[in-house]
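Commentary on secondary and tertiary structure
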Amino acid sequence: MSTSPFDPTRTPPWTAATAPMPAASTAQEVPNVTVPPLPTTEAGPAQPTIPQQKQARRAPVRDRYFDLLRAVALFRVVLYHLMGWAWLPVVFPSMGVMFALAGNLMARSLKRPAVQVVRSRMRRLLPPLWLLGAVGVAGMLLQGWGPNDEGHPGWWWFHLLYWVLPLSDPPYAEGLPGIHGILGENWASDLAGPLWYIRAYLWYVLLSPFILRALRALPWATILAPLVLSAAFEFGYLNLPGERFPSALTDFSTFGACWVLGMAHQEGILKRLPRYAVPSVAPLIAGLGLWYAFRQGFKTGYDLDSIPFAQAVWSFATVLLLLHVSPSWSEWPRPLRRWDRLITLLNSRAVTIYLWHNVCILIAATLWDQLWGFDVLYENVPWLLESPWPVLALAWVLIGSCVVWFGWMEDVAAKRKPQLWPDGSKNARPKPATGAHRA
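Between its terminal C-alpha atoms helix H13 (residues 350–369) stretches 28 Å, which fits the 28 Å expected from 20 residues at 1.5 Å a residue. Of all the bends in H13, the largest measures some 45 degrees and sits at histidine 357. Within H13, 18 of the 20 residues are buried, which leaves the element mostly enclosed by the surrounding structure.

In structure tokens:
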């Protein structure tokens, strides 16, 4: 048990080849045809005109504004899971922002065949989860977790498949002992805490081709449909038996509107609105969400994650404003250029950071709590031992180590050359081959 007055492990419940030239014919008789001379200019003889080939497709330019939003969202998630401040999701609803950015990217990718896009997204998403599962499940098994723990041995083996394809929440052991001085108790719960995001993300990816069709046919009905579904759950109009299916639908309805808003932004639907519409309406929607949150006990220890409908409405309004502002930076504004490498790193390893940050927070808190055993620190600087800020710094050091140890899997999943620290620096970029030159 921690002797410090804060609980740093608190986890709230709840992104054309050129055609070959034909071979020359051999021994063909060429007719005697007079070729007119090329016109001459002051610069010399003019060159013969060659039909222009189709230009090779350029890689899409990164939107640095979206990169900034994703980096801020990741930092806010880590800060919230350590501090537990209920107002943080109000200041910046990270999960809604992350789902909106992913939806925007998915809509852009769906300009290619849908099956190909879905397969590509799953390939990028699942291998980092498999690596987490290989480490986490192995640790649980070594500590005695097994089929009999859930009371249904047959179902236990079946549920393990959710670590491979997380259509539902993967199972994990509860109440496991930790490693003294390194890893706190019940560490498996912290390990499994972020997995709901992977499950929800997978469902959004699978449904995106159908969502995009509906969005093009009935734009605003499709955007608002998840909010209507969230209201139906909140006010008891829709009740489903069991836990797994209702849990998945609750997450879908809570953040589905944000995902669809991201797709709508990519499709240009939001740009059709008058410029004054979003700044006029979004604050009213946000106020409705916040008003409902306070009515449901937001002041008494609850947060937005505990009130899904309030979370859905507030996140929808905030994302709507952020997408409306969307300056579409192809390059960083001057004040942000100093943060380029950090933001690039966070975006390159977003899945790794999200999957491993809870465990890093738990290890950091456990290590820091050991300092209470030193009398000289306990007697002279108790305020330092009580402060969560050193734990936050240590947690980010551990997250950085996870980027090195496990982040390469994101490169493997994306079929890129693995890198230990992909911050976009010159040293991380591949060097051109000998003799290569820039056009």
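A few words on the environment of proline 127. Here proline 127 shows up in helix H4 (residues 114–142). With a relative accessible area of 10%, proline 127 lands in the buried category. Separated by 283 residues in the primary sequence, proline 127 and glutamate 410 have C-alpha atoms spaced 7.3 Å apart. In contact with proline 127, other than residues within four places in its own chain, are Met122, Met409 and Ala413.

Below, the discussion takes up unusual backbone geometry. Most peptide bonds adopt trans geometry, and most residues besides glycine take a negative phi value. Even without being glycine, asparagine 186 reaches a positive phi, approximately 55 degrees. Looking at where asparagine 186 falls in the secondary structure, it is placed in the loop between helix H5 (153–159) and helix H6 (187–192). The exposure class of asparagine 186 is partly exposed, given its relative accessible area of 28%.

Direction vectors running N to C along helix H3 (residues 94–109) and H4 enclose 140 degrees, while the axes themselves pass 10 Å from each other. When the interaxial angle is binned, H3 and H4 end up oblique. Along the contact surface, H3 presents Leu105, Met106 and Ser109, while H4 presents Val117, Val118 and Arg121. When its residues are assigned to classes, the contact of H3 with H4 shows four nonpolar, one polar and one charged.

Conventions we followed
Residues numbered from 1 in each chain as written. Predicted model: local features only at pLDDT ≥ 70, side-chain atom pairs only at ≥ 80, totals over all residues. Heavy atoms only, no water. Helix = DSSP H or I, 4+ residues; strand = E, 2+ residues; numbered from the N terminus. Expected span 1.5 Å × (residues − 1). Bend = angle between axes of the 7 residues up to and from the residue. Buried < 20%, exposed > 50% of the residue type's maximum accessible area, 1.4 Å probe, protein only. Contact = heavy atoms within 4.5 Å. Axes fitted to C-alpha atoms, helices over the stretch in contact; angles between N-to-C directions. Parallel < 35°, antiparallel > 145°, perpendicular 65-115°, else oblique. Nonpolar A, V, L, I, M, F, W, Y, C, P; charged D, E, K, R; others polar.

The quantities given are spatial measurements derived from coordinates; they are silent on function.
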